[in-house]
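# A structural walkthrough
In case you want the letters, here they are:
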Number of protein chains: 2
Amino acid sequence: MSEITNIALDAMGGDNAPAEMVKGAVDAAGKEPAMKVFLIGREEAVKRELAKYQYNKAQIEVIHASEVIETAEPPVNAIRKKKDSSIVTGMKMVREGRADAFVSAGSSGAILVGGQVLVGRIKGVERPPLASLIPTKKGVSLLLDCGANVDARASHLVQFAKMGSIYMEHVLGVKKPSVGIVNIGAEEEKGNALVKETFPLLKEEKDIHFTGSVEAREIPHGQTDVVVCEAFAGNIILKLYEGVGAVLISKVKEGLMSTLRSKIGAVLIKPALKATLKTFDASEYGGAPLLGLNGLVVKTHGSAKAKEVSNTLIQCVTFKRQKINEKIRECIQADTVSVE
Amino acid sequence: MSEITNIALDAMGGDNAPAEMVKGAVDAAGKEPAMKVFLIGREEAVKRELAKYQYNKAQIEVIHASEVIETAEPPVNAIRKKKDSSIVTGMKMVREGRADAFVSAGSSGAILVGGQVLVGRIKGVERPPLASLIPTKKGVSLLLDCGANVDARASHLVQFAKMGSIYMEHVLGVKKPSVGIVNIGAEEEKGNALVKETFPLLKEEKDIHFTGSVEAREIPHGQTDVVVCEAFAGNIILKLYEGVGAVLISKVKEGLMSTLRSKIGAVLIKPALKATLKTFDASEYGGAPLLGLNGLVVKTHGSAKAKEVSNTLIQCVTFKRQKINEKIRECIQADTVSVE
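Residues numbered from 1 in each chain as written. Chains lettered and ligands numbered in written order. Predicted model: local features only at pLDDT ≥ 70, side-chain atom pairs only at ≥ 80, totals over all residues. Heavy atoms only, no water.

## Things to note about the sheet that holds strand S9 (residues 226-228) of chain A
Residues and elements named next belong to chain A.
- Ordered by their spatial adjacency, five strands build an open sheet running S5-S6-S9-S7-S8, and the pairing between neighbours is mixed. If you trace the sheet from one side to the other, it starts and ends with strand S5 (131-135) and strand S8 (209-215), each paired once. Going across the sheet, the axis of each strand differs from the next one's by a mean of 30°, ignoring polarity.
- Contacts between helix H8 (residues 231-256) and the sheet are confined to S5, strand S6 (140-144) and strand S7 (178-183), with S5 contributing the most and set at about 35° to the helix. (Pairing = 2+ DSSP bridges. Helix = DSSP H or I, 4+ residues; strand = E, 2+ residues; numbered from the N terminus. Axes fitted to C-alpha atoms, helices over the stretch in contact; angles between N-to-C directions. Contact = heavy atoms within 4.5 Å.)

Right under this line is the structure:
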């Protein structure tokens, strides 16, 4: 039997906690026998949800944490003060090796700060980026950094490119993933100061398959497998994806409801349209890992439902089986040695 | 009769030149009698197109320019070397007061450089931003800077906010336009170094109606009338808007063609869907002006067709009638004086 992956799941984080978190855990455990989920949160509330399901008792355990960090709380303060929160408890389990991964739909700020402070970085990793899978015309690309480190330096972006390549190759199974840097023109001489400094460094890297600049227009077309950028830009890309998608879909619906003729048509197209649009739905692809930590921390959407939670938990198993962190450690440290 | 607005139109710029440029000029001249269009480009080619239409000869004149600046050419060099290009000729006409505005679908780089070097800035304007109207759920917002000045400073962003407010109020007729700064969180303490420095400056400004941060997710919902950001971010927003829109629409079409049932439905919904999606099409809103120049320079999409060209030409008339440049001059110079 495979080695068990132990995952601490924040049962209290996100808009749909604890119900959808618990449901996601039960679902994932049913699909993956080599997984144990620790549901962390207010014991009574979590157990009440859990009682609704049939599941293998050996695979799910509730761990009590009395506090909850709210989204609006200043993260550094929250991590320091709320020692018995689900986020702090789960992160400590990863630090102490009692869990391989921590998954949360809670406060992004607290997860980013906690990942660095409580779980800690792999030696040699300068900044752990938030890496998000985004849907494209061709399938999916990995966008990083999506919001962990604003005002990053060129050396950080180079590490993002390496860690992103490892993730795409070994978690998603993409052979020789192509890497692009987000830029405002296709030519090498274009860009802001950071991109101009980073471009030649990426070109020199032998571990990655750098293909040059990616204009934002080309990202949804899936021009490269790994899309590297600074966190301010990455966060804009991620959020705008959601925003434009949501508004456009609502426009389509408005159009469908505008005439009697179109209403009849709408009934006919609904199932086919739903199936196609599902492939362009970010929640299908699980949460966003913070790469480069001593353990795995994954942030799911605040609005995550059971399906996203379940997909994320299963991704954590792949992450462990594929020894992603060992590969990151080797790659980053080989580089550190060669520099010295 | 109203004062004539003289517009130099680059007949050679963009993917559909000269045909769509000429068609757009004829269309606009027919709609707006107080407009004169100078079609600048290779005389023979332009006249051949023009011969296809009926129009008031007093309103359209062809001015020969033998050279064309290509999109791939390094802009500074191109502006310096190609003295007889349509872009240089048109910009010089603005500088010399023979035209009020120059409109081009050609090389963005050459238009941005030419605007600064050949047309010149209004005294006190530090950096002229490229301002683009973007479709939203509610109507339209003005995004600036969309690509003119990467690595801008806080004082530049404050001027963008002022110039954008003037444009929205007097060209689009939005009373007391709201202004937001693009940020990666809604709270004041979030953001990168530039946003953190700019935020309090915008808060202090009495000339504008600053409402705080705008997350990228909210831009398509039309959270504010004016959306201020640095050019690297602005260019990403503009291009990603196009990219996500294009891919999503192609996904919808794919869905419609996937089953027999959906194909029948597609025939029924087509007219209604087309009408609704038109409201979300950037080309409906004309080109992007470079604000803060001694004259008006407008960049239309490289793929602009006659309709966008015509809308842009008519916008130039409004720009002149509403004395936008006088208002910008007053606003920026009042500020310069009060600082001293």
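## Considering the environment of Ser 66 of chain B
All names here are of chain B.
- Residue placement: Ser 66 occurs in the loop between strand S3 (60-64) and helix H3 (75-81).
- We classify Ser 66 as partly exposed; its relative accessible area is 33%.
- Along the chain, Ser 66 and Arg 42 lie 24 residues apart, while their C-alpha atoms are 5.4 Å from each other.
- The contact partners of Ser 66, leaving out residues within four places of it in the chain, are Arg 42 and Asp 84.
- Among the polar contacts made by the side chain of Ser 66, one reaches the side chain of Asp 84 at a distance of 2.6 Å. (Buried < 20%, exposed > 50% of the residue type's maximum accessible area, 1.4 Å probe, protein only. Polar contact = N/O pair within 3.5 Å; in protein donor to acceptor, adjacent residues only side chain to side chain.)

## Quick word on the packing of aromatic side chains
Residue and element names in this part refer to chain A.
- As enumerated under the stated definition, the model contains four aromatic pairs over all chains in all.
- Considering the side-chain rings of Tyr 167 and Phe 319, the 6.1 Å spacing of their centres and the 50° angle between planes classify their relative orientation as tilted. Highlighted residues: Tyr 167 in helix H6 (residues 154-170) and Phe 319 in helix H10 (residues 306-321), separated in sequence by 152 residues.
- Against the face of Tyr 55 rests Lys 57, its NZ or CZ located 4.2 Å from the ring centre. (Phe/Tyr/Trp six-rings, centres within 6.5 Å; stacked < 30°, edge-to-face > 60°. Lys NZ or Arg CZ within 6 Å of the ring centre and 35° of its normal.)

## Here we look at the pattern of salt bridges
- A complete count under the given rule lists 28 salt bridges over all chains for this structure.
- Across the salt bridge formed by Glu 73 of chain A and Lys 82 of chain A, the nearest N and O atoms sit 2.7 Å from each other.
- Where Glu 242 of chain B meets Arg 217 of chain A, a salt bridge forms, and the shortest distance between an N and an O atom there is 3.0 Å. Residue Glu 242 of chain B is located in helix H8 (residues 231-256), and its partner Arg 217 of chain A is located in the loop between S8 and S9; the two belong to separate chains.
- The class of Arg 217 of chain A is partly exposed, set by a relative accessible area of 27%. (Salt bridge = Lys/Arg side-chain N within 4 Å of Asp/Glu carboxyl O.)

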